[in-house]
Amino acid sequence: MKQNFIFTLLALFSMLSLVSCSDWTETEALDSTVKKPWEQDPALWAEYTATLRAYKQSEHFIVYARMHNSPEKATGEQDFMRCLPDSLDIVTLTNADNFSKFDAEDMDVMREKGTKVLYQVDYAARAEEFADMQALDAYLDRVVAAVAANGMDGYSFTTDPLATDATARIVEKFAAAKSEGQLLVFEGNPLSLAAADRPRVDFVALDTEKLENVQEVRLRVMNATGYAGIAPEKLLLAAEISAPLLDEDRTEFAAVEEMSRRVIEFGPLGGLAAYNIAEDYYHAEMNYQTIRKAIQTLNPAK
C-alpha cells in the first residue's frame, strides 16, 4: 500500500512537472522588426539629414571614397552604401556596371544625406577591352544612360597615360553629359589629361595611394599644382585604407589618417580620397571609425 502511494505521488509530480515545463517553454511571438533611423523618429531624421545636407553644401574639406558595390556574394554591411559614414561627401561605385536593386534602394538614403554617388569608369584597367574607339563610345553611352536612369550624381574615371585619344573622348563625353549639380572626377596624375581638359574636371584624386612617405606626397602635390596647373582646392590626396605612410621622421602612421593632416599642411587642398574602404571592415579599429576620424581631422568644427 505504501509502495502504491509512493508511485502515485511520483506520477503526480511527473504530471505537474510536464505542465510546468510546458508553461516555461511555450513559444511567444516576439517583435524582431528592425526599425531604421528614419522609421523610429521621422521628424528627428528629417532635421538631422537637413543639417547634413547643409554641411555638405558649405565650404569644407571634401572626403571621397571608392566602394566596390554589388559584389557577386555580399559578405556584410560593408558591401552596401547605407554602411558609409553619414558625413562622407562623395562615393564612386567601382562595380557600377552591375548596379543592383540594393544599390537603387540605398540611393534614396544617399540623397537624403546629401552624399553624391558617381559611376566609375576604370579605363586604366580596361584599356584592352576598349581599344576600339567605337566600342569605347558605345560603352560610354551606356554609362551616361545608366547615370540618368539611376539618378546618380556624375562620373569618375581613370586612364592610361598613353591613350590620349581615349582620354579625350572620355572627358568630352562626360563633360557634355554632366548636368547642373553633377560631378566629374579624375583619379590619377593630372598630366595624363590634355591641358585643355584639366579645367573640365571638378576634382582630381591624385595618385598618391601607393606612395610610402610624405616627402613623395609633397613632390606629387607640387607637380600637380605647378606643372599641371591644378587649383589646390580641386586636389584630393588618395590613400589606401589599410596602407602605412611614413612621416619625415620615418614614423609609421595609417595612410588615411596621415594623409588627412597633409591635406591641410600641403595646401590647404581640396580633401581626401579613401580607397578600398571595405577591406578589413571588422578589424579592431574599424574602417568606419578610421574614415570618421579623417573627416573630423579635416573638419573639426563641422
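Notes on the structure follow. In this text the structure is predicted, and so the values were computed from the model without any measurement. (Residues numbered from 1 in each chain as written. Predicted model: local features only at pLDDT ≥ 70, side-chain atom pairs only at ≥ 80, totals over all residues. Heavy atoms only, no water.)

### So, the packing of helix α3 (residues 42-57) against helix α4 (residues 101-113)
Here is step 1 of the chain: Put simply, α3 and α4 touch, their axes get as near as 7 Å, and they point 65° apart. Judged on the interaxial angle alone, α4 and α3 are roughly perpendicular. Across from W45, T49, L52, R53 and K56 in α3, the residues of α4 making contact are R111, E112 and K113.
Here is step 2 of the chain: Considered class by class, the residues forming the contact of α3 with α4 number 2 nonpolar, 1 polar and 5 charged. (Axes fitted to C-alpha atoms, helices over the stretch in contact; angles between N-to-C directions. Helix = DSSP H or I, 4+ residues; strand = E, 2+ residues; numbered from the N terminus. Parallel < 35°, antiparallel > 145°, perpendicular 65-115°, else oblique. Contact = heavy atoms within 4.5 Å. Nonpolar A, V, L, I, M, F, W, Y, C, P; charged D, E, K, R; others polar.)

### Concerning the pattern of salt bridges
Here is step 1 of the chain: Enumeration over the complete set of coordinates arrives at 19 salt bridges.
Here is step 2 of the chain: Put simply, E265 and R262 hold a salt bridge, and the shortest N to O gap is 3.1 Å. Of this pair, E265 and R262 both sit in helix α9 (residues 255-265), 3 residues apart, which is roughly one turn of that helix.
Here is step 3 of the chain: With relative accessibility at 6%, the residue R262 sits in the buried group. (Salt bridge = Lys/Arg side-chain N within 4 Å of Asp/Glu carboxyl O. Buried < 20%, exposed > 50% of the residue type's maximum accessible area, 1.4 Å probe, protein only.)

### So, the packing of aromatic side chains
Here is step 1 of the chain: Enumeration according to the criterion identifies 4 aromatic pairs in this entry.
Here is step 2 of the chain: Plain terms: the ring middles of W45 and Y48 are 5.8 Å apart, the flat faces sit at 45° to each other, and that makes the pair tilted. Residue W45 and its partner Y48 are both found in helix α3; the two are separated by 3 residues, about one turn of the helix.
Here is step 3 of the chain: Judged by relative accessible area, W45 falls into the buried class, the value being 9%.
Here is step 4 of the chain: An angle of 10° between the planes, with centres 4.2 Å apart, marks the rings of Y155 and F174 as stacked. (Phe/Tyr/Trp six-rings, centres within 6.5 Å; stacked < 30°, edge-to-face > 60°.)

### Focus on the pairing of strand β3 (residues 116-122)
Remark: a regular strand shows side chains that alternate across the two faces of the sheet.
Here is step 1 of the chain: Judged by how many residues are buried, β3 sits mostly within the fold: 5 of 7 residues are covered.
Here is step 2 of the chain: Across 4 bridges, the pairing between strand β2 (residues 90-93) and β3 is parallel. For I90, the partnering residue across the bridge sits in β3 and is K116.
Here is step 3 of the chain: With respect to chirality, the unit in which β2 leads through α4 into the neighbouring parallel β3 is right-handed.
Here is step 4 of the chain: Looking at chain direction, β3 and strand β4 (residues 154-158) are connected through 4 bridges and run parallel. Bridged to V121 within β4 is F157. (Pairing = 2+ DSSP bridges. Right-handed = clockwise from strand over helix to strand, strands pointing away.)

### Some points on the sheet that holds strand β1 (residues 62-67)
Here is step 1 of the chain: Strand order in the closed barrel formed by 8 strands is β1-β2-β3-β4-β5-β6-β7-β10, with parallel pairing between adjacent strands. Between one strand and the next, the sheet's axes are offset by a mean angle of 25°, whatever the strand orientation.
Here is step 2 of the chain: Taken together, the 4 bridges between β4 and strand β5 (residues 183-187) define a ladder with parallel strand orientation. When the bridges of β5 are listed, Y155 appears paired with L184.
Here is step 3 of the chain: Packed onto the sheet, helix α8 (residues 214-225) meets β6 (203-206) and β7 (235-240) and runs at close to 150° relative to β7.
Here is step 4 of the chain: This element, α9, spans β7 and β10 (271-275) of the sheet and lies at about 165° to β7.

### Here's the deal with the pairing of β4
Here is step 1 of the chain: The buried fraction of β4 is high, at 5 of 5 residues.
Here is step 2 of the chain: What you see with β4 is no split at all: G154, S156 and T158 on one side and Y155 and F157 on the other are buried throughout.
Here is step 3 of the chain: Taking the sense of rotation as the criterion, the β-α-β connection linking β4, helix α7 (residues 164-177) and β5 turns out right-handed.

### Here we look at the side chain of S192
Here is step 1 of the chain: In this fold, S192 is placed in the loop between β5 and β6.
Here is step 2 of the chain: Note on S192: relative accessible area 15%, which makes it buried.
Here is step 3 of the chain: S192 has contacts with T159, P161, T167 and F186, leaving out every residue within four places of it along the chain.

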